[in-house]
Amino acid sequence: MYTFSNHPIGLLPMEQNYDPSKPSISEFFAGRDVFITGGTGFMGKVLIEKLLRSCSKLSNIFILIREKKQKTIMERINEIKNLPLFDKLRNEQSELLDKMIPIQGDVSLLALGLSQDDIDRMYNVSVIFHVAASVRFDDPLKTAILLNTRGTRELIRFAKQLPALRVLMHVSSTYSNPDRYVIEEEMYPAYANWRDAIRIAETFDEQTIDVFAPKYMGFLPNTYVFTKSLAEHIVNEHKDRLPIILFRPSIVISSMKDPIPGWMDNFNGPVGLLVGCGIGICRTMYCDPNNIADFTPVDVCIKAMIVAAWKRGTEPDQR
């Protein structure tokens, strides 16, 4: 298993070991079927757009998506295609949008909620980006475990069925290990047993779990970092059976320039504060001036993800 962080240190090994005999990134993705979870989220949308525009010869992008707010999966996928993020693609290569294929499912369900017909359709998938997660810090522990932790287990079970799989990227977080000031590209001891956590979430009701959640999570600040940390250990246990990458981005904010500067579709993280400052509502802030604002533009993060997937996918199988 490879671990990558999207900062200069994390990208150095890829730059130093570049092999010109390998296929280029676009050549690697050409003709491949790609499966993306979390494709309707902020990072997922940018990932889809970048893959279609820069790796246009790929075959299909299967996007796991569920019906929501009485909208069908086709209605939701069409909404994504009409976002300003996709303007450049629509104006220059609109036919590539047809490669976005919605797959009905839900990461929080067993077997991802996939039908057998959709499983058969994705038989030739060779690249997986597992981006789906609840990024809310106040989710009930039961909900967070079923989506962030058990959902990762179910994704891996699906990946084991794919004979052509070349790379599976699990998107985690720099903050999955919040007791450390410096995060190296390595695994850290687990805060709990992920199997026990899933069993608890499947057995007890939400209210019961919330009663003992503070004791169970210990010093961890919220259910997000706790369940994402557990998911890392599921990934780590399968490193000898699947071509896996563990990717840990920091706080992801609006795009720097690609395909358009400043694109953002939410107010997560520091964005709400920055918007308040920009329009003059927030003029002062009480804070520690020594704290580091560890932000990364979403387009930089997505490029690092694609490069890391290419690097793992073009190397000999090390399982």
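So, how was this worked out
Residues numbered from 1 in each chain as written. Predicted model: local features only at pLDDT ≥ 70, side-chain atom pairs only at ≥ 80, totals over all residues. Heavy atoms only, no water. Salt bridge = Lys/Arg side-chain N within 4 Å of Asp/Glu carboxyl O. Helix = DSSP H or I, 4+ residues; strand = E, 2+ residues; numbered from the N terminus. Buried < 20%, exposed > 50% of the residue type's maximum accessible area, 1.4 Å probe, protein only. Pairing = 2+ DSSP bridges. Contact = heavy atoms within 4.5 Å. Polar contact = N/O pair within 3.5 Å; in protein donor to acceptor, adjacent residues only side chain to side chain. Patch = residues over 30% accessible without salt bridge, like charges linked within 9 Å, V, L, I, M, F, W, Y side chains within 5 Å. Areas by Shrake-Rupley, 256 points an atom, 1.4 Å probe, with all protein chains shown as cover. UniProt positions renumbered as here; feature names shortened; annotations may be inferred. Phe/Tyr/Trp six-rings, centres within 6.5 Å; stacked < 30°, edge-to-face > 60°.

J.: Looking at this structure, how should I read the pattern of salt bridges?
T.: Should the charged atoms of two oppositely charged side chains come close, the side chains can pair. Throughout the structure, instances matching the rule amount to 19 salt bridges. Among the salt bridges present, the one from Arg121 reaches Asp118, with a minimum N-O distance of 3.3 Å. In this pair, Arg121 and Asp118 are both assigned in helix H6 (residues 116-121), three residues apart and thus about one turn of the helix distant. According to the relative accessible area criterion, Asp118 is buried, its value standing at 12%. Across the pair Arg153 and Glu154 runs a salt bridge whose closest N-O atoms are separated by 2.8 Å. With a relative accessible area of 13%, Arg153 lands in the buried category. Residue class for Glu154 comes out buried when judged on its relative accessible area of 5%.

J.: Would you explain the pairing of strand E5 (residues 125-130) in this entry?
T.: Consecutive side chains along a regular strand alternate between the two faces of the sheet. Burial of E5 is extensive: six of the six residues sit out of reach of the surface. Where strand E2 (residues 33-37) meets E5, five bridges bridge the pair, whose relative direction is parallel. By the bridge assignment, Val34 is partnered in E5 with Val127. As paired elements, E5 and strand E6 (residues 167-171) share four bridges and run parallel to each other. Its bridge partner being in E6, Phe129 is matched across the sheet by Met169.

J.: What am I meant to see in the environment of Ala309 here?
T.: Here Ala309 is to be found in helix H12 (residues 298-313). Remark: the alpha-carbon pair of Ala309 and Ile245, spanning 64 residues in sequence, is separated by 7.5 Å. Sequence-distant contacts of Ala309, defined by excluding residues within four places in its chain, comprise Phe28, Phe29, Phe129, Val167, Met169 and Ile245.

J.: I tried to follow the side chain of Asp299 on my own but got confused; where do I start?
T.: Positionally, Asp299 belongs in helix H12. At 2.8 Å, the side chain of Asp299 and the backbone nitrogen of Met256 are in polar contact. Once residues within four sequence positions are removed from consideration, Asp299 is found in contact with Ser255, Met256, Lys257 and Asp258.

J.: Got a minute to help me understand a nonpolar patch on the surface in this structure?
T.: A cluster of nonpolar residues, Phe267, Val275, Ile279 and Ile281, forms a patch on the protein surface that exposes about 450 Å² of accessible area. Of note, Val275 is situated in helix H11 (residues 271-278).

J.: It is not clear to me how the UniProt feature "domain: Thioester reductase (TE)" (unreviewed entry) in the protein should be interpreted in this structure. Could you clarify?
T.: Mapped onto the present numbering, the UniProt feature "domain: Thioester reductase (TE)" (unreviewed entry) falls at residues 36-305. This span, residues 36-305, is 40% helix and 13% strand, and a straight line between its end C-alpha atoms measures 12 Å.

J.: How should the packing of aromatic side chains be read in this particular structure?
T.: In this description, a pair of aromatic rings is defined by centroid distance and the angle of the planes. What the rule picks out here adds up to seven aromatic pairs. When the ring of Phe35 is compared with that of Phe158, the centres are 5.3 Å apart and the planes differ by 65°; the resulting orientation is edge-to-face. One end of the pair, Phe35, is in strand E2; the other, Phe158, is in helix H7 (residues 141-159), and 123 residues separate them in sequence. For Phe35, a relative accessible area of 0% translates into the label buried. Seen from their ring centres, Phe212 and Tyr216 are 6.1 Å apart, and the 75° between their planes marks the pair as edge-to-face. Taken as a pair, Phe212 and Tyr216 lie in helix H9 (residues 206-217) at a separation of four residues, close to a single helical turn. Judged by its relative accessible area of 28%, Phe212 falls in the partly exposed class. With relative accessibility at 22%, the residue Tyr216 sits in the partly exposed group.

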